[in-house]
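Structure assessment
Chain residues, written in single-letter form:
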Amino acid sequence: MNSKETEDRYILPTYNNIRFPLSFVRAEGSYVEDDSGGRYLDLYGGHAVCVLGHCHPKWVEAIAEQAGTFDFYSNLCYCPVRAEAAKLMVERCYSMHQAFFCNSGAEANETALKIARKATGREYVVSMEEDFHGRTIGALSVTGFEKSRALFPQNISRWTRFLRLGDLEAFDSLDPEEIAGVILEPLQSVVGVKMAEPEYYRGLRDWCDRTGAVLIFDEVQTGNGRTGKWFVGEHWGVEPDLVTTAKGLGGGYPVGAVLANEKISATVEAGDQATTFGGGPMAAAAVAATYRIIEEEGLVEQVARLSSGVIERLGGYVGRGIEEVRGLGYLLGVRCEKPAKEIQAALLDRGILVGTSGDPQTFRLLPPLTVSEEEWGVFFAALDDIFA
Ligand SMILES: Cc1ncc(COP(=O)(O)O)c(C=O)c1O
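For every chain, the first residue of the written sequence is number 1, and numbering continues from 1 along that sequence. With pLDDT at 70 or above as the cut-off, local features in this predicted model cover only qualifying residues; side-chain atom pairs require 80 or more to be listed or tallied, and sums for whole chains, interfaces and linings still use all residues. Water and hydrogen atoms were dropped before computing side-chain values, which therefore reflect all heavy atoms in the structure.

**Considerations on the environment of Glu 262**
- With respect to the helices and strands, Glu 262 occurs in helix 9 (residues 262–265).
- A simple rule labels every residue: compare its accessible area, found with a 1.4 Å probe on the protein chains alone, to the largest value its type can have, and call it buried under 20%, exposed over 50%, or partly exposed in between. Residue classification places Glu 262 among the exposed positions, given a relative accessible area of 54%.
- Taking the C-alpha atoms as reference, Glu 262 lies 25 Å from Lys 247; in sequence the two are 15 residues apart. Helix and strand assignments come from DSSP, with helices taken as H or I runs of at least 4 residues and strands as E runs of at least 2, each series counted from the N terminus.

Dropping the structure here:
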C-alpha cells in the first residue's frame, strides 16, 4: 500500500474529498515536495502555520538542540526555554501581561472562555455569525460558521449570543449584566476572509469597557505577524483583554497560547487551568525560535511591505477572473468569477498550493511570511496563464 492507501485504510475519513491529491515528503523554504519529486510553491503555508517557511535552518537547529538536551517535563517544573518563549511572546502582544501555553487554537479559545466567565462571574458570551473558533465542544459553542455547527446540534451554544460582525447596534439587544465576554475572529478567515470597519472594533472596545465584558480576540490565524503587524488589533489601535493564538506561533510545531492583560491576569488563580503538554520544552523552543527569527529577519515589516504590492497586483485582475480581494497582509481572500476549487486545481497543475474557504468562490492565500518577490512572481505568472 502507498501512503494514500494506508492513510485511507487506517485514519478516520474526516478529510476525505478536501485533501490535495498529493503525498508530501520533504519541504524547504516556500516549497514542498511530493513523493514523485514534484515541487509546489506553498502559498497556503501548511494551513496558515509555517510562518518561517518550511524547515528554516535556525528553527530546525533550535528544536534539534532542545530534543537532545532536555526533551520534556510538564509545567510542574520551571524551564528556561519556556521562560524565554513566554517573555518574547508577551512582550510583542499589545500590552499583555501573562500567558498560558496550550496545544492548539481550539484549546486556547476554550481556556479564554473559562477565564472570561470566571473573571466576570457571568454566564453568556457573544460571538459572531460566521466566526470559526475550533471543533472541540466548547470552541464549537462559539463557532457561528454554519458548516461546522450544523452536524453537531448538541454543542453548548445555549450560552452564546451570536451577532453579525460589523453590527454594533445589535449589542443594544443584549442584557450586558449577563455577558462575560465577546469573542471574535477580528478578521474572519475560514468563511472567506471578511472584516469590519476600524470604527467597529473601537466600538466593541468601548462596549466592553462600559459593560465590564472581556474582549477576546481569536488571533489563531491573525497573530504572530501574519497581517503585517504582530497582532491584528494594531491596525485599528484596539487592544483586547485576552488574545488566543496558535497556528504560526510555533512555526509548525503544535502549540497554542492565551495571553491576558494585567487586569485579567489578576483574576487567574492556581488550579484554574492546567495542561500536561502545553508549554513543554520542545514547543517552547519552537516558539522562542519562531519569534527570534521573525524579529531578526524583519518578517512583520516584510509582510507589510510586500503584501500591499500583492494586493494591488491581485486588484489588477478584477473584471478578468477575479471579483474582489479581501484581507490584510498575508491573510487574503480572493473571490473569483469561477468556483475557487477550479482555480485551486488550475494553480495546483502549475505547481502552486492555495486554500479554499467557506465561500465556494473564494480561495485563500496564507503563505509563509518569508515568501520572496520572485516567488510571488511565479504565482502571478500562473494567474496570467489561468485568466488569459
Ligand atoms: C480563527 C481560528 N480559531 C481557532 C481555530 C482552531 O485551531 P486548532 O485547529 O489549532 O484547534 C482555527 C483553525 O483553523 C482558526 O482559524
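**A short note on helix 8 (residues 198–211)**
- Between the first and last residue of a helix there are one fewer steps than residues, each counted as 1.5 Å, and that sum is the expected span. Look at helix 8: 20 Å from first C-alpha to last across 14 residues, which is about the 20 Å you get at 1.5 Å a residue.
- Taken together, the buried positions of helix 8 are Tyr 200, Tyr 201, Gly 203, Leu 204, Arg 205, Trp 207, Cys 208 and Thr 211.
- Residues of helix 8 that are buried make contact with strand 5 (124–128), strand 7 (179–184), strand 9 (194–195) and strand 10 (214–218). Any two residues whose heavy atoms approach within 4.5 Å are treated as being in contact.

**Describing the environment of Glu 219**
- Along the chain, the position of Glu 219 falls in the loop between strand 10 and strand 11 (242–245).
- The spatial distance from the C-alpha of Glu 219 to the C-alpha of Ala 274 is 21 Å, given a sequence separation of 55 residues.
- Apart from the residues lying within four places of it in its own chain, the contact partners of Glu 219 are Tyr 94, Phe 231, Val 232, Gly 233, Val 243, Thr 244 and Thr 245.

**Description of the site of the ligand**
- Taken together, Ser 104, Gly 105, Ala 106, Asn 109, Phe 132, His 133, Gly 134, Glu 185, Asp 218, Val 220, Gln 221 and Lys 247 make up the full set of residues adjacent to the ligand.
- Any pair of N or O atoms that falls within 3.5 Å is considered a polar contact. Within protein, one atom must be able to donate a hydrogen and the other to accept it, and sequence-neighbouring residues count only if both atoms are side-chain atoms. For the ligand, an oxygen atom lies 2.8 Å from a polar atom in the backbone of Gly 105.
- Interatomic distance of 2.8 Å between a side-chain N/O atom of Gln 221 and an oxygen atom of the ligand.
- When residues in the shell around the ligand are grouped by element, the largest group, three residues, is from helix 5 (residues 105–120).
- Under the scheme applied, nonpolar residues are Ala, Val, Leu, Ile, Met, Phe, Trp, Tyr, Cys and Pro; charged residues are Asp, Glu, Lys and Arg; polar residues are all the others, including Gly. Its residues assigned to classes, the shell around the ligand shows three nonpolar, six polar and three charged. Any residue with a heavy atom positioned within 4 Å of a molecule or strand is treated as near that molecule or strand.

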